[in-house]
Structure formats: C-alpha cells, structure tokens
Amino acid sequence: MTKDLKNPPIDRIDGRMKVTGGAQYFADFELPNMAYCVIVGSEIGRGTIASIDTKKAQGAPGVLGVFTHQNMPPIPGWDAPVGGEADGPAPKPDTKEKYRILHTPKILFDGQPIAMVVADSYERATYAASLVKATYAKQAARTDLEKHLAEGIAPGRPGSSDYLRGKADGYQSAPVTLEANYTIPVEVHNPMELHGILAHWTGADSLMIYAKTQGVNATQNAMAEAFKIDPKKIHVHTEFMGGGFGMGLRTWPQETAVVAIAKKIGRPLKLVVTRNQMFTLVGHRPYTVQTINMGADTNGKLIGIAHAATAETASYEDFTEATVNMTKFMYECPNVSTRYRIVRLDRSVPIWMRGPGEATGAFALESAMDEMAHKLGLDPIEFRLRNYTETDPEHNRPYSSKNLKEAYQRGAEAIGWNKRQNQPASQREGDWLIGYGMSTGTFNAFRWEASARALLNADGSLTIQSAVTDIGPGTGTALTMIAHNVLGVPLNRIKVAYGDTSLPKAPTQGGSAIVSAVGSAVYDACTKIKNQLVELAIKDGSPLAGRQADELTLTDGVLFVEKEPEKKIVVSELMWTNNLTVVDKSADSKGGPELGKYSMYSFSVHFVQVRVNPLTGVVRVSKAVSVADSGRIISPKTAASQMIGGVAGGIGMALTEEAVIDHRFGRFVNNNLADYHVAVHADVPAIETIMIDKPDPIINPMGAKGMGEIALIGFAGAVANAVFNATGQRVRDLPITPDKLLRTV
Amino acid sequence: MNPFQYTRVTTPKAAVSALSQESGTYFLAGGTNLIDLIKREVVVPERLVDINKLPLATIEKTATGLRIGAMAKNSAVAEHELVKKHFPLLSMALNAGASAQLRNMATVGGNMMQRTRCPYFYDTSMPCNKRSPVQAGPDKGKPNGPSGCGAIDGYNRMHAIFGGSTKCIAVHPSDMCIALVALDATVNVSGPKGDRKIPFSDFHRLPGDTPQKDNTLLPGELIMSVDIPTNKFADNSHYLKVRDRASYAFALISVGVAVDMKRDVIQDIRLAMGGVAHKPWRLTEAEQFLRGKSATEANFKQAATIAMNGAKGYGENDFKLTLAPNSIIDALKTATKTA
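Treat the numbers as computed from the prediction; the structure is a model and nothing was measured.

A.B. asks: Break down empty space enclosed by the protein for me, with residues and values.
C.D. replies: For the structure shown, the criterion picks out nine cavities of 30 Å³ or more. In this model, the largest cavity occupies a volume close to 380 Å³. Around the largest cavity sit 30 residues that line it, and Asp675(A), His677(A), Tyr155(B), Met158(B) and Phe250(B) are the ones nearest its centre. Looking at the lining of the largest cavity residue by residue, the class counts come to 14 nonpolar, ten polar and six charged. Lining the second largest cavity we find 13 residues, and of these Tyr99(A), Phe109(A), Trp252(A), Pro253(A) and Tyr316(A) sit closest to its centre. Summarising the domain contributions, the lining of the second largest cavity has at least three residues from each of domain 1 (26–140 + 192–243 + 248–279) and domain 2 (288–446 + 596–741) of chain A.

In structure tokens, the structure reads:
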C-alpha cells in the first residue's frame, strides 16, 4: 500500500512552465476582436448616484460602450443570487439590502462599480473611464465595526449557532481567570495576479470563459444560473493562478456583468481589475473583534472557556466563517461556550482569506492559552499538554488521526525551545530582546466528492484528467505522485490535465481539501486500470494465467509476481494482445458513511523566535519552525513550499498587514501595495518545515489530509506570544507594528 | 489620465526653455513618482519634458568634495565607490529607500522632487490643500478635488510632528534627502535667469499657507547637480529607518547620523530626521549640544530631548513623540559604536 511508504521529494511539474512564461494565466489569453473593460468605482461609501455623465467617455477614441445602471443589459437569472451567497443557503432577503451590480443608483459600499467602460484597448478604456463623472446624494457610511458592535446579529446558519458544553460561565468560578479582547483588522488577499475574467460568447447560448476562479465548475454553474443556459454550453478554463488565497472562491458580480456586456457588444471582453479595486471588489478578511474568557485550576487544568467573536459583513450579504470553532474541540475542557455575531456595515462583502476564520480565531485562542500559561507559571507547551485531548470533546468521537504531541516535541527541538526563559524580557543579544513563542493550529480535513479520469496508453504513458484548478500549492504534482504510486508509471511519463470544465468534475480548490478529494478520485481511477490489467494478465492464455490478483506487482510498465520476478508480462504487450490502445477509466470518489464516526482534522504547531528592539519597537521574526500533522505527505517538496508560503502570510498577518479605512469617508487610505504591507523577503527568515508524515487510516486511501490552511492558522499567535516572551508586552490587536511596543526611555 | 504632449530634450538649456513656456509642464526623469501621480490624476499635465537624455548623470570628485549629477540613478549613487567610502550615510539612506527596481529608475533630482505619500493627496475624492490649494495661485493650476486637510483629523499615523500648519501636516518621503541635508549638501540649479546654488536645507520648505509648494525652486528651474563637501564622518555614520516592514516601506521615523569622533568624544556631528516634517528635518540644536561631549547614553538622551522641542502629535502619530527620540538615541549609539 502506498500509505506505508514515504514519498520522494519530486520537483513541481509546472515549475519550468511557470519560470519560462509557458504557463498561461487568464489575462494572458488574447482573442481576435477582443475588447477591454474598465470599472469606474463609486467615491462614496453610501448614498445614491444623483447624476452620471458618460457623454465624454462615450465620445472618447475606441470606446464601444459605457454601461451604467441606466443601460446595463438584463441578466435573466438576476433575481436569484448571482454567484451564490458566500456561505450556505441564502437567508431571508427582506432583512438585507439587495446588491445587483449596475442595476440601481444606490451605493452600498465604497468602490461599488458605477460604470463599466468598454473600448478596443485597455489604455483607451482606462482613459475613457477617467471621463465618467458622477455626483452623489451622500449618506453617512457605517464602516467602523468598533462603533457598531452592539448591532451584531446571529447569522442563523448551521455551524454558526451558539455552542455550549457544560456551563457558559464555568470559567468564572476557576481559581485563575483571564479575560482578554483581540482584534484582527481588515486584511486583503493581495496576490500578485490581479483578478478578472475574459468572456467570449461562441454562440447564442454558448460561452467560453477564462477566469481567475478557484473552481471552474463553480463558475460554470454560477454563469449557467445567471444566464439561464445549460452548464454544458459553458466552458471555463483556469489552469494557472497567480495566488488565490480565497478571493477566487466565488463568482463576483462584476464577472457576471462582463459576461452580460460581452453578449451585448458581440465581442470577447476582458476585465482585469486594478490593484485599488482588489481592496473592494474581490473580498477581504473581515475586521473581527473577539473576547476570550478562560478559567483554569492551579494545576493547569482548564475549567472553562467562553469565546465570542463579532465580525463585519456587508449590508447586502451575510458572510460567515468558522472563527470560534477551534475553541470547541482543541482542548479538554468541561465548560465551553462560543458565540459568533456579524454586523452589517456599508462595506463590500468579505470572503475567506488564508486559513480564513480559523486563523482569526486561533490568534485569539492561542494568545489566551499563552496568557493563561503565563499566569499559571507554566511552560506554554506543558499547559497545552495538560489539556491535551485524544478524542474530540465537541462531538464525543475519536479523531481519525492526531499526532499533535509528536508535533509539539519535534518543533520544540528544532527551534531550541529549551533556550526559552519562562520569565518575559529576560533574554538579550546586544540591544535586542529575544523571545520564543508557539501556537497550535487546526483545520477540518475534508473528503469531498470528486471525479477523475485516467488513461493508460499503449506506449506506457499515462494521462490524468480532472477539472480542478491548481491555484499554486502543487495539486498537479501531487496527483502525478498518486498515479505513480498506484500504477508504477515513471513520473516523467505522466501528464496531468486540469483547470478546465471539459475534464471530469472537481470541487473548488479551497478548504485544504483537494488532495483528499481529487487525489482519491485519481487513486480510484488508476486502481481501476490496474485491476483491469491484472485481470487480463491472469486470464487463460496469458503467461501469468492462474496467478492470484494479489500476487502481482506493477512497476515501470511490467506486471510481475512479487516473489518470482522472472514471471512477468510487459503491460504494452498485454494491451497489444488484448487489442487495447488505451485503458481508460473514470472514477467518482467520495467518502463512505464510516467517516462520520470520526472527527477529521489536520494539525500544526508553529514555533518562532523573535528579536525586538526595545527603543524602536521593531519586531523581527528571526527563526520559524512549522510542523504539520496532516497525514501522509504526498509531495514533500510542494508541501514544504506550501508551509513556507503559509508562514510568509502568517508573518504578514502578525506584523504588517492592515487595510485602513477612514471612517469619515468610508474609504481605504492604503489601498495599494506600497502602503498595504504584505511581508517582503526581508521580513521572512529561513523557515524550517517538519512533516509528521503519518497516514490517516480513515480519511482516504492515500491517508493524506490537507495542509494549506494549517500552514497559516496559529502563526500570528505564535509571533504575539514570542513578542510577549521577549518584552513582557502583550499585543492583542494585530498587526504588531512598532508603535504598539513603544516605551518611553 | 489626460492626453498630454511629450517632448524629449537633450540639453539643459532646451529643458529650461521648454519648462518656462507654459504652465502644466513637468520634467520627466525616472518617473517613479510622477507616472503614478498622473495615473491617479493627482497631476494632470499638459506637457511632459523628458530629461532622461540630459548629460547629467556624472558622479565626480571635485576640489571641495563630490558632485553628483541630477540624473544619476539612485542605485548608481548608492553603489558608487566614492560615495560608499567617503559618504556612507548617503549610500545607506539610498539603499533604505524604495525597492531595487525603483532605485534603478529613480534619479537624484527626481528623488528630491518626489511628492508626499499622504493618502489624502493621492485620492482626488478626499480633501487636500496640497493637491487642491484653497486659492489657486499663479504657480499651480486649477484645484483638483476638494480642498482642506484630510489628515489633521484623520489617518495621520505617517504624518509630521514638526513644522506642520493648519493647512497641511504631510511629510517629505525621501530617505536620500535626509542624508543630503545632514551632509550640508548644496543644490545647483539652472533657470531662465541663470544658475544659482541653494543650500540643501533651504531646498524643501514647510507647508505654511501654501502647502502646494514643496520646495523653493523658481518656475523653469532645473536641478543640475548636488555638491557634498568633504567631511570626516566616514567612520561613524548611520542611517536608521524605522518602518512597518523590513523593506519597501516609508519611514515612520528615520535618523541620519554622521559623527567625527576622537576617542569617545564627539568632535563634530550632523543629525537629521525623516518622517517628521514637510522637509528633511535637520537637528541643529541637538548637534550643538553634542559637539565636544562624550558619546554616552545620557548625552544622547539629552540631545534627543532637545531635538524634540516643539514637536506636536495629531492623534494617530502621537507615538512618534516617543519613537523619534528613541530612534535618535538608537542611531547615535550605532553611529558612535557605543551600542
């Protein structure tokens, strides 16, 4: 079985294409007669368009059309939610505003498209867009969550309801208690690649789309719903993506508008939003305020935790995420309550971002765990071990696999945890203070449904097909490894085709779920090929006739008897004899009901060493070790890369990233890459990644769990905890910028 | 972006005469700031005069020091042997600025001419007196967006603590200029009325009632070169830049220090700060205090206290009232090797 073997670290299969320009991203596609679309955004956060003057723009060179709420072509499915709610079923619409792009003069958020200008070149469209002038009847925009915390509403969706185990106020009677508030600002995904879409109507009801989507099938369905056409007539292609981080998890209204306008003008139409528009049109991590109440006994046993979170959402859509969920199952604790609220503000709607709500919640929980450990005088790892649980206390069932103790131990060794002083502010190197911190992370391990097809050719090559998009983590590489493990086809003879709706259906790439879902489908399809080959090999007339199926091994195009290697048959000969030019198998794969008996999670532990300058408040992460317990690692090299990427994102979350709104105007004041500080190389030290690499016996045939999210979840807490250890100062509001650590000398 | 004319000139004379012809004309050097300003419609030019072909990129030793041509690239200056050896403060400051790509494009003259990074200046829907002066004077064209100051009662975390006015509290964003003002540089300019020299400390100005004016150049004047006098600071120079991320971020506070030390006594010293004012902020009184004093933390603290005379916070930038003196102390310790 492959799950017993550690996989070799192979190179990324698309690496060469990506560094030589061979990889085609959506905006790289050029079609004959293509037109370009540029969005004009509102300059107010709430109100109504009083007038909009498009005459000058319409008369500008090369302009093919200027679309506003006054002349936007109709969209047949517009009355249904376009692109779906961000999460779960739509709640009752009467409680919310309705947002339909360019269908109303009403402005619900800053940057809301008020016009889409189409011209024969991007430059001409940009120029014409600058000529569109609007006046507004302004209203005060409610954009400051801190001022509207009291307006929180329960989202009323499964999974976001209040949770209670034991007593809600169980923490109060504990000998040692803690109450702390934590704040996460608005963060914006800001991948290198800008968002957008290229839409081409190839017939009256047939459509070709190149998009920046994390799920081609999801985009296909959203457009089918919006335009009331058969999904089969919609072809969506997204083979490569220059970073998704969650922003491509849904179809955005401006994408639907581009498709509608393309139909109206009868030309292929491309939209690439600007960097400024990346802050308002494609989602963000919501500003979230959290309170944790915690109680423990003097032996370091948790007695109660209450975790409450309030997050912003739009006035027109309820976005929810799993911010408080980790608290329910992470530690053994008799009294646990969680509460999650959202506040509808005059803001564009958030979307999941990098380890989404779980990363937000882990910052609070794991900071609080560190604060409590300090109060108890315990080492933070020791405190966690005293509250370690081998079974899921939320659902009272076993974990499918959990090797977190080993992760704590190996990470601690790698960072040199024994050099940490439990007394804060007690280590210096020159003028700099040194501190160590750690944090746990966890995220659901899923087993979604997926399909795949595998084709073994007579020349010994193998083709794998799945519609899944590889947004960067190395999905194609992992699928190659899985196929290789089942069929023994050499790695360089395996081709993976992905990112296209002409291929077998796959889920949207997100939720760290793809290796488990699509990988299982590839595993199953390849296993079907193997089974057919074995069946042919042992039938009458074959040199291996009469052998049992389980005696045979398949490697490098040869089927042989494990114990008598000279008894063999070459697969190409076997196929020739049976008149087969190809063995073509498809598989629809999903988990069985037995999965419901287990709680399936991936786990991570992050360790950091920080240096803090006590005069300037500057924090540098000087060392980082991240340990992943996510089952069998299929592709060690791309898995390590994914952890490294998560840590880089985690450093940004901890130290630098914050999108700032001037609430007087309801507008961002740092909506560009110079002023919104994504961590740069100089912020990121060498990162050591450790994979526990033990298969999960339950989740899927490979024993592999996801690791995209856990690479980031918890990291910001580890940094905050290290900063406390270095300085004795606890920062509960991210990011930890120099001003928050300043002290008068 | 408005359609504009584009002219390329090859002699300084032609450049000066092109700029003198009409308002709405701008020199285009490296373009790393001007092009952004045009794209955001903060600057709406009628005409761009491309001066990249001017023969002004020479860096050469002179009888009294070093002359750096206005068109020398920031990266070329930072890596120049004479600069690294004799004026390391300038090299350090340049390398602390922007990114490698930007430094490869940006010129010395353009760096001096760059505009503030105040967000209200860049967003034409928000109030700004620098972009849209209350009274459109003869120097600047028509108002562009609402007037007022968005920063004084708004997001002013990055803003001035010295020399602000009721009209403007923007800061000059340059790192290079902090080194040049500390090193007593002189700016050589050429204009319709001939050539003149401007002490670097007089080149940039405080906002007062005319925040639209960043500097004291007269209409039509072209920066030709910058002169730095010979000094004895090469062994004890330091540029400290405190910022929100380790690279490619503007200074919260920066401090340029150049010291002439004999044993532990400060013979002579230059001190300047960035991120605190509408112009590179020279700390002459603190310098005066430190001259002849020992390089001790106590003296540094006192110098920092003197340097902070007259500082004023506006809310979000109050932390600079602590960060600035701390940074002065930190930079002094590093420059004098007493850290």
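From this point, the narrative continues.
A.B. asks: Describe the layout of surface pockets, and please don't skip the residues or the numbers.
C.D. replies: To locate leftover empty space, one rolls a probe as large as a water molecule over the atoms. By volume, the second largest pocket amounts to about 680 Å³. Lining the second largest pocket we find 29 residues, and of these Tyr287(A), Glu658(A), Val660(A), Ile661(A) and Glu316(B) sit closest to its centre. For the lining of the second largest pocket, the secondary-structure elements that each account for two or more residues are β8 (176–184) and β29 (661–662) of chain A. A breakdown of the residues in the lining of the second largest pocket according to their chemical character gives eleven nonpolar, five polar and 13 charged.

A.B. asks: Tell me about the domain arrangement of chain B, and name the residues and values.
C.D. replies: Size of an interface: often given as the accessible area lost when the parts come together. Looking at the assigned domains, one finds that chain B contains domain 1 (5–53) and domain 2 (237–335). For domain 1 of chain B versus domain 2 of chain B, the distance between C-alpha centres works out to 36 Å.

A.B. asks: Quick rundown of helix α13 (residues 636–656) of chain A? Include the residues and the values.
C.D. replies: For an α-helix, 3.6 residues make a turn, and residues three or four places apart therefore share a direction. Between its first and last C-alpha atoms α13(A) spans 29 Å; for 21 residues at 1.5 Å apiece the expected length is 30 Å, and the two agree. Counting buried positions over the 21 residues of α13(A) gives 15, a clear majority of the element.

A.B. asks: I'd like a rundown of the domain arrangement of chain A, residues and numbers included.
C.D. replies: Residues and elements named next belong to chain A. Examined at the domain level, chain A breaks down into domain 1 (26–140 + 192–243 + 248–279), domain 2 (288–446 + 596–741) and domain 3 (448–590). Here domain 1 and domain 3 have C-alpha centroids that lie 41 Å from each other. Taken together, the contact pairs 17 residues of domain 1 with 14 residues of domain 3. Buried surface at the junction of domain 1 and domain 3, summed over both partners, amounts to about 1300 Å²; 47% is from carbon and sulfur atoms. Counting every contact that joins domain 1 to domain 3 gives zero salt bridges.

A.B. asks: Kindly report on the sheet that holds strand β19 (residues 432–444) of chain A, identifying the contributing residues and their values.
C.D. replies: All names here are of chain A. Taken in spatial order, the five strands line up as β18-β19-β27-β28-β31 in an open sheet, and their pairing is mixed. Of all strands in the sheet, those bounded by a partner on one side alone are β18 (428–429) and β31 (687–691). In terms of strand pairing, strand β27 (residues 601–612) meets strand β28 (residues 619–629) through ten bridges, oriented antiparallel. Bridge assignment links Phe 607 to a residue of β28, and that residue is Val 625. Helix α9 (residues 404–415) rests against β19, β27, β28 and β31 of the sheet, and its axis sits at about 20° to β27. Across the sheet, helix α14 (residues 715–727) is in contact with β19, β27 and β28; its angle to β19 comes to roughly 155°.

A.B. asks: If you had to explain the pairing of strand β2 (residues 47–53) of chain A to someone new, which residues and values would you point to?
C.D. replies: Where β2(A) lies against strand β4 (residues 106–107) of chain A, two bridges are found, and the strand directions are antiparallel. In the strand pairing of β4(A), Gly47(A) is matched with Ile107(A).

A.B. asks: Requested: an account of the sheet that holds strand β14 (residues 302–314) of chain A, with residues and values cited.
C.D. replies: All names here are of chain A. Pairing is mixed across the open sheet formed by five strands, whose spatial order is β7-β15-β14-β13-β8. Each edge of the sheet is formed by a strand with only one pairing partner; in this case those strands are β7 (163–165) and β8. Each strand axis lies, on average, 10° off the axis of its neighbour in the sheet, ignoring direction. Pairing of strand β13 (residues 288–296) with β14, which is carried by nine bridges, proceeds in the antiparallel orientation.

Criteria and thresholds
Note on numbering: residues in each chain are counted from 1, in written sequence order. Think of it this way: whatever chain is written first is A, whatever ligand is written first is 1, and the rest follow in order. A pLDDT threshold of at least 70 governs which residues receive local features in this predicted model, and a stricter bar of 80 or more applies before side-chain atom pairs are shown or counted, although totals over entire chains, interfaces and linings include all residues. In computing side-chain properties, one takes all heavy atoms of the structure into account and sets aside hydrogens as well as water. Put plainly, a pocket is an open set of points on a 1 Å grid over the protein atoms alone with protein on both sides within 12 Å along at least five of seven lines, a cavity is a set where a 1.4 Å probe fits but cannot get out, and a lining residue has an atom within 4 Å of a point. Grid points are joined across faces, edges and corners, and a volume is the space filled by probe spheres set on the points. Polar here means any residue other than Ala, Val, Leu, Ile, Met, Phe, Trp, Tyr, Cys and Pro, which are nonpolar, and Asp, Glu, Lys and Arg, which are charged; Gly is therefore polar. The source of the domain bounds is an automatic or database domain assignment. By definition, any uninterrupted DSSP run of H or I lasting at least four residues is a helix, any uninterrupted run of E lasting at least two residues is a strand, and each is numbered from the N terminus. By this rule the span expected of a helix is its residue count minus one, scaled by 1.5 Å. When accessible area is computed with a 1.4 Å probe and restricted to protein chains, residues below 20% of their type maximum are described as buried, those above 50% as exposed, and intermediate ones as partly exposed. By definition, residues are in contact when any of their heavy atoms lie within 4.5 Å. Buried area adds together the accessible area that both of two parts lose upon being put together, with accessible area traced by a 1.4 Å probe. Within this document, salt bridges are pairs made up of a side-chain nitrogen of Lys or Arg and a carboxyl oxygen of Asp or Glu, the two lying within 4 Å of each other. Strand pairing requires that DSSP identify at least two bridges connecting the strands. Here, axes are lines fitted to C-alpha atoms. For helices the fit covers the stretch in contact, and angles between N-to-C directions go from 0 to 180 degrees.

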